[in-house]
Each structure stands twice: as structure tokens, then as C-alpha cells.
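Chain by chain, the residues run as shown.
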Amino acid sequence: MKSDTEFVTWFRSVTPHIHASRGKLFVIAFGGEVVEDGKFIELVQDFNLLASLGIRLVLVHGARPQIESRLQAEQLETSYVQDRRVTDAPTLQCVKEAVGKVRVEIEALLSMGLPNSPMANAAIRVASGNFVTARPIGVLEGVDLQYTGEVRRINTTAILDQLGQETVVLLSPLGYSPTGEIFNLTLENTAAEVAIALQADKLIFLVDTPGIQQHTEAGATLLPELTVHQGKALLTAMETTTSRPDEDTRIYLPWALYASEKGVKRAHLVSRHVDGALLLELFTHSGIGSMITRGPLQIIRQARIEDIGAILQLIEPLENTGILVRRSRELLEMEIERFMVVEHDNMIIACAALYPFPDDNACELACLAVHPDYRKAGIGRILIDHLEDQARKQGYRRLFVLTTRTAHWFVERGFSETTPDQLPQQKQNLYNYQRRSKVFVKTI
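Residues numbered from 1 in each chain as written. Predicted model: local features only at pLDDT ≥ 70, side-chain atom pairs only at ≥ 80, totals over all residues. Heavy atoms only, no water.

Asks: Lay out the overall build of the protein chain with the relevant residues and their values.
Replies: The helix and strand inventory of the protein chain stands at 15 helices and 25 strands. The principal-axis extents of the C-alpha atoms in the protein chain amount to approximately 90 × 55 × 40 Å. The buried share among the 444 residues of the protein chain stands at 47%. The contacts in the protein chain between residues at least 6 apart in sequence include a share of 70% that link residues at least 24 apart. About 22300 Å² of surface is accessible on the protein chain, with carbon and sulfur atoms providing 50% of the total. Across the protein chain, the 46 positively charged side chains and the 54 negatively charged ones have centroids separated by 6 Å. (Helix = DSSP H or I, 4+ residues; strand = E, 2+ residues; numbered from the N terminus. Buried < 20%, exposed > 50% of the residue type's maximum accessible area, 1.4 Å probe, protein only. Contact = heavy atoms within 4.5 Å. Areas by Shrake-Rupley, 256 points an atom, 1.4 Å probe, with all protein chains shown as cover. Lys, Arg positive; Asp, Glu negative; His and termini not counted. Charge placed at Lys NZ, Arg CZ, Asp CG, Glu CD.)

Below you can see the structure in the form of C-alpha cells.
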């Protein structure tokens, strides 16, 4: 059980993520297995929590296992072409029955208001309807898929109208044609096209695996972040080696990449088997699954005045232990143009300053600080390399640093120890002989 202090620390850490999510639009897609395995009630509670935080939700459900059960009960055989079910008229009838049953069950669970649970006094309104217009896929690999379709158009106005009334929109994998026909759609096609049409902030697939995994002889490694370029390269590599992608990666990753390219800000693959996986993915910085973005999440940039609070949070623990010289907020404001920061997904995770000494053709590297969660990720090295490159482009030839506790770290990065009398005269005049910092220099 968390102590009061731990609870306060935890709550403060998740608050920025909650604040950033308010008013955003999330499309969350999950297969019929989530409803079938009896654990959907926990997920419903998390949906309620997200809605209560002001997040606009569009839920897209699947029904594959329920459809399979109906087909078996009717003793109907089924076949697939490129992971799409061939839907003839008898199969379509089973699809409609299974999808309708699943949708009603989900609506019922979303309507619960159990005491002493996250659903207590909940008043989630759910809207379903003919929001998706579809067309037939036609013939694939010489096979007519008949009533198997793909998304043609999304009625974004109707969906946004419902979301504006604080209603959760629930979509089934069925589409309707202008002539009144019904088409069997895939969950992933429906979710991706809806997310694109709505320009959703997030598209989240709840899957059976922990996320996107890279398989090697040593085992499987979860990839927490990928750009679209990296995701495409991964799929290509998997297809050209003996390490074939798992089913979830093969089915969902291409649609996540497609949605990201078409304007969806973030796409996620998250395990459906972890209780609270949605909350862990959305409200912790490291997440729990895999996230796809169009470009890199991590950037190095010039610090701004509004970054001072985050910089202070980074450097204060190091000041308290004597690793860094204490700097006031006022001094930081005066010298903010000297600082560079590393920003990861809107969070400042590292900072450092560069102070030029033109008369001595040298620069001082100072106030290097990295968030504890990223100290083993090479962020300090990346930031130093960037500042070193900046100093070199400005015509400086020496980079020096004063440190009391991290001598070996700088030696490993090409710095050599020297004496205080080798510092620029202006810096010598400010040298603190009580602190007795060691001096390291690097020719650049």
C-alpha cells in the first residue's frame, strides 16, 4: 500500500498526462475476445475513468470469436483471403447476429453503475448508428469476397455531434452502402479509417501481445516507441527473414502506420491482458505498450523561459548533493539562452549550458543534468555531442568542464584532466578553491 508521500508523488507525476489528455479524441479498438473472456468489466471501468477526465471516446469493437461460434453452430464453413473473411449471404447473417449481440452486451456493461467501483454514479451515454459507409472489396486473389467490405466514408459530423454531447460513440465492424446493403468489415480497417477521418489524437489497439516485439535469438524485446519509418523497416525486415511477425504485429502494425501517416498523432498497441493497461499507457511517461509516431519523439532544442520550472526539477537534486553549483531561478532566467534541453514527448528529460569565452577560443560545458529514468539511455552523451558540435560550428576549439563527482564519465568521453590555471582568465577569477572542482578539457 502506498504511503501518503508516495501517493502525492505519484499523483503529481500523472497530473501532466491527465491535463494533456483533457478534451482529446481517442479511438480505442478491441476484438471480440475482450468481451468473451469475461474481463471486459475492468476495461469498461477504465473507459468510464477516461470519459470522466474529459476525453472524447470512440470505441470500435470486433466480433471474430463470436462470429466463429455462430458459424460452427450453423455448421457453415468459412475461408479467408489476406486475413479477410469471405462473406456470403449465410455467413453475413451469422455476422449480423454475432455483431449485434456483442454490441448490446457492450452497451449494457457501459450502462452499469456499481457502488464502490469506478462506475459508481456513472452516466455514460452510448451512441451507435450508421456512421460508416462501406463498399465491397470485390475479388482478391481470384476469390469474390461478396459481402466483405471496406470503409468508404465516415460520417464525421454525426460522430463529432455525439462526442460534443459527452456521449461515447460505439462502432461495430459493419458498414452500410447507399443502396441499403450491409458489409462485413475488419476491426482494424474500421478503427484506422475512423481515427483518420476524425483526426484523432490517439488510435489504440488492444492486442494479445505486450506490443510490437523484435524477435532475436536472445528472445523477444518490446519496442516502446517507433517512428513510421522504423515501423516500415521492421515489417520489411520481418518479412525477409525467418523471424516472421506475430499475428498482432502483422495485422495491426500496418494499420497503425497507415493512420499515423494520414494524420493521427499517436498510434498504440497495448496488451489487453494487463489490468489497467490503458491507464498505464496513457498516464505514465514510459507507458506499457508500443507507440507509433510520424517523427521522433525526442528532440534537442534551445531552452525557453517556460522550461525553467522543468530545468529546476532536474538540477535541484544534484545541487542538494553538491554535484552541481546552486543556481537561482533569477539566474536561470538571465542565462536561459545558454541552455539546451532534451525534450521527450513534451517532457524535459535533460539540460546543459554552454558558456563561451571568445578571448580564449573556448567554451564551458556546465549544468549537465539528466532525468533519473533516462541516465542509462545515453541522453547525456547525445546532449554533449550536440553542444560540442554547436561550439565547433561557432569556431571554438576547446571545451572545458568543472566537476566534483563525475570525472570518469567525462574521461570516457574524450576529456583530459588539467589544472585550474589552464582555464580562461575570466573563469580562473571565479574558480572556487573551497569546492576544488576538477577541470577537464577537450580539443574540438
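From this point, the narrative continues.
Asks: So what's going on with the packing of aromatic side chains? Which residues, and what values?
Replies: In the structure shown here, the tally under the stated rule is ten aromatic pairs. When the ring of Phe410 is compared with that of Phe415, the centres are 5.5 Å apart and the planes differ by 80°; the resulting orientation is edge-to-face. Accessibility expressed as a relative area gives 3% for Phe415, which makes it buried. Following the ring pairs from residue to residue traces out a cluster consisting of Phe30, Phe40 and Phe47. Just above the ring of Trp409 sits the side chain of Arg413; from NZ or CZ to the centre is 4.0 Å. (Phe/Tyr/Trp six-rings, centres within 6.5 Å; stacked < 30°, edge-to-face > 60°. Lys NZ or Arg CZ within 6 Å of the ring centre and 35° of its normal.)

Asks: Describe in detail the sheet that holds strand β2 (residues 56–61), supporting the description with residues and values.
Replies: Spatial strand order, β5-β10-β2-β1-β13-β17-β18-β16: eight strands in an open sheet with mixed pairing. Every interior strand has two partners, whereas the edge strands, β5 (125–127) and β16 (225–227), have only one. Averaged over all pairs of adjacent strands, the angle between their axes in this sheet comes to 20°, without regard to strand direction. Each of β1 (25–30), β2, β10 (167–171) and β13 (202–207) touches helix α7 (residues 187–198); the most contacted strand, β1, lies at about 175° to it. (Pairing = 2+ DSSP bridges. Axes fitted to C-alpha atoms, helices over the stretch in contact; angles between N-to-C directions.)

Asks: Break down the pattern of salt bridges for me, with residues and values.
Replies: Overall, the coordinates contain 22 salt bridges when judged by the stated rule. One salt bridge in this structure joins Arg413 and Glu412, with 3.3 Å as the shortest N-O distance. Judged by its relative accessible area of 24%, Arg413 is partly exposed. Under the relative-accessibility criterion, Glu412 is labelled exposed at 62%. Here the residues in one salt-bridge network are Glu388, Asp389, Arg392, Lys393 and Lys442, joined through shared partners. (Salt bridge = Lys/Arg side-chain N within 4 Å of Asp/Glu carboxyl O.)

Asks: How would you summarise the packing of α7 against helix α9 (residues 247–261) if you had to cite specific residues and measurements?
Replies: Close contact between α7 and α9 brings their axes to 9 Å; oriented N to C, the two are set at 15°. Overall, the two elements α7 and α9 adopt an arrangement that is roughly parallel. Along this stretch, α7 crosses α9, giving a crossing that reads as right-handed. Two secondary-structure elements touch here, α7 through Leu187, Glu188, Asn189, Ala192, Glu193 and Ile196 and α9 through Ile251, Tyr252, Trp255, Tyr258 and Ala259. Residues that form the contact of α7 with α9 fall into these classes: eight nonpolar, one polar and two charged. (Parallel < 35°, antiparallel > 145°, perpendicular 65-115°, else oblique. Left-handed = near helix turned anticlockwise from the far one by under 90°. Nonpolar A, V, L, I, M, F, W, Y, C, P; charged D, E, K, R; others polar.)

Asks: Quick one: what's the story with α7, residue by residue and with numbers?
Replies: End to end, α7 covers 17 Å across twelve residues, agreeing with the expected 16 Å (1.5 Å per residue, within 8%). Where burial is concerned, most of α7 is hidden: eleven out of the twelve residues are buried. Buried within α7 we find Leu187, Glu188, Asn189, Thr190, Ala191, Ala192, Glu193, Val194, Ala195, Ile196 and Leu198. Just beyond α7, the residue with positive phi is Gln199, at close to 50°. (Expected span 1.5 Å × (residues − 1).)

Asks: Lay out the packing of helix α8 (residues 228–239) against α9 in plain terms, naming residues and giving numbers.
Replies: Describing two packed helices takes the angle between their axes plus the distance from one axis to the other. For the pair α8 and α9, the least separation of the axes is 10 Å and the interaxial angle reads 150°. One element, α8, and the other, α9, form an angle in the roughly antiparallel class. The two elements α8 and α9 cross, and the hand of that crossing is left-handed. Here Val228, Gly231, Lys232, Leu234, Leu235 and Met238 of α8 come into contact with α9, specifically with Thr249, Leu253, Pro254, Leu257, Ser260 and Glu261. Residue composition of the contact of α8 with α9, grouped by class: seven nonpolar, three polar and two charged.

Asks: Mind laying out the sheet that holds strand β20 (residues 339–344), listing which residues take part and the relevant values?
Replies: One open sheet accounts for seven strands, arranged β19-β20-β21-β22-β23-β25-β24; its pairing is mixed. Here the strands that pair on one side only, and so sit at the sheet edges, are β19 (298–302) and β24 (416–418). With direction set aside, neighbouring strand axes in the sheet form an average angle of 30°. The sheet contact formed by β19 and β20 spans five bridges and is antiparallel. The residue of β20 that forms the bridge with Arg301 is Val341. Against the sheet, helix α11 (residues 308–320) engages β20, β21 (347–357) and β22 (362–370), with an angle of about 80° to β21. Here helix α13 (residues 379–393) sits on the sheet in contact with β19, β20, β21, β22, β23 (398–403) and β25 (438–443), set at roughly 35° to β21.

Asks: Explain the nonpolar core to me, and be specific about the residues and the numbers.
Replies: Judged by nonpolar contacts, the single largest core of 45 residues is most densely connected at Val27, Val58, Ile159, Leu203, Phe205 and Ile292. What Val27 contacts, discounting residues up to four positions off in sequence, is Val58, Val60, Ala191, Val194, Ala195, Ala200, Lys202, Leu203 and Ile204. Residues Val35, Leu59, Ala277 and Leu282 belong to the second largest nonpolar core, which totals 37 residues. (Core = buried A, V, L, I, M, F, W, Y, C linked by side-chain atoms within 4.5 Å.)

Asks: Before we move on, can you summarise helix α3 (residues 40–52) with the specific residues and values?
Replies: Given 3.6 residues per helical turn, the α-helix brings residues three or four places apart onto the same face. Taking 1.5 Å per residue, 13 residues should reach 18 Å; α3 reaches 18 Å between its end C-alpha atoms and fits that length. Among the residues making up α3, those that are buried are Phe40, Leu43, Val44, Gln45, Asp46, Phe47, Asn48 and Leu50. On the buried face of α3, the contacting elements are β1, α2 (32–36), β2, α5 (89–110), β13 and α10 (277–283). Positive backbone phi, approximately 85°, marks Gly54, located one or two places after α3.

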